[in-house]
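Inside the fold
Listed below are the residues making up each chain.
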Amino acid sequence: MNIESNAFDGATDALAADGWCVLPDLLPAAETWALAAECRALHEAHRLTPARVGAARTATPLRGDSTQWFHAGAMSAAQQAFMDRLDALRTALNRELMLGLVECEAHYAVYPPGAGYTRHLDRLRDSDARVVSAVYYLNEDWLAADGGALRLYLDGGSHRDIPPHAGSLLLFLSAQFEHEVLPATRDRMSIACWMRQRVLTAIL
Ligand SMILES: O=C(O)CCC(=O)C(=O)O
Ligand SMILES: [Fe+2]
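These numbers were taken from a predicted model, which means no experiment stands behind them. (Residues numbered from 1 in each chain as written. Chains lettered and ligands numbered in written order. Predicted model: local features only at pLDDT ≥ 70, side-chain atom pairs only at ≥ 80, totals over all residues.)

Remarks on the overall build of the protein chain
Helix and strand counts for the protein chain stand at four helices and 13 strands. Relative to its length of 204 residues, the protein chain is compact, with a C-alpha radius of gyration of 16 Å against a globular reference of 17 Å. Projected onto the principal axes, the alpha-carbon positions of the protein chain cover approximately 45 × 40 × 40 Å. When burial is assessed residue by residue, the protein chain has 32% of its 204 residues classed as buried. Of the contacts formed within the protein chain by residues at least 6 apart in sequence, a portion of 78% connects residues at least 24 apart. (Helix = DSSP H or I, 4+ residues; strand = E, 2+ residues; numbered from the N terminus. Rg over C-alpha atoms; globule rule 2.2 N^0.38 Å. Buried ≥ 20, exposed ≤ 12 C-beta atoms within 10 Å, placed from the backbone. Contact = placed C-beta atoms within 7 Å.)

Following this line, the structure appears as C-alpha cells:
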C-alpha cells in the first residue's frame, strides 16, 4: 500500500460507511493560504461572476455566491497543486470504492455577508454525472459566531453543521445529501468541486 492510499483511507472508509466525511488538512497550510489569497484577490478585483442556477443559467435569489471556474491548461500554481491533490483522492476513491470517477471540476466561490445557498441537491436535473461533491474551505480564524456553516441533511431528519474552516475538505455523495449554506457575517471563501462519472447518453 502506498502513501497516498494511506492518506485517504479514513476518507474512503467514511464515505463507504456514511456517504460523507470531513478531511482536515487536505493541503499544507501554505498551499491553502495561497488559494485563499488568490480567491480574495479575484473577489476584490471583481473577477468573480454571480452564480446562476439550472439549465437556463438564470440569476437567482436561491444562492448569493460569486464564482470562477478553474480552467484546465490555464490554472495558477496554487490551483494546479489543489487539483493534483483532489485527483489523487479521486484515484483513491476509484481504487477503494470503484466509483468510476473520470474527472473533477472546481470553482472558487465567495459568499458575501448575509448570502447563502438554499437547500438543494448537487445533481443537475438533466444529468447524473456528479457523483461526489467536495467543498474545500479557505477561511482562516473562522468562529462559530461567524455563521456560514454548510448544513448537511442526513437520513431520518437530522442534520450536521460543518464550519468552513481553512484546510477542511467536506466530501459527500452528490445524489444522496441535500444541503444548504447558511449566511455568514463575513466573506466566506471556498472551492466547490464535483467528481464526475462518464455519462452514457442514450441514442434514441
Ligand atoms: O460552500 C459550500 O459549503 C457548499 C456550496 C454548494 O453547496 C454548491 O456550490 O453546490
Ligand atoms: Fe451544493
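Some details on the site of ligand 1
The environment of ligand 1 is formed by Ala109, Tyr117, Asp122, Val135, Leu150, His179, Val181, Ser190 and Ala192. Breaking the shell around ligand 1 down by element, the ones donating at least two residues are strand S12 (179-181) and strand S13 (188-197). Here the shell around ligand 1 is composed, by residue class, of six nonpolar, two polar and one charged. (Near = placed C-beta within 6 Å. Nonpolar A, V, L, I, M, F, W, Y, C, P; charged D, E, K, R; others polar.)

Just geometry here; none of it tells us what the structure is for.
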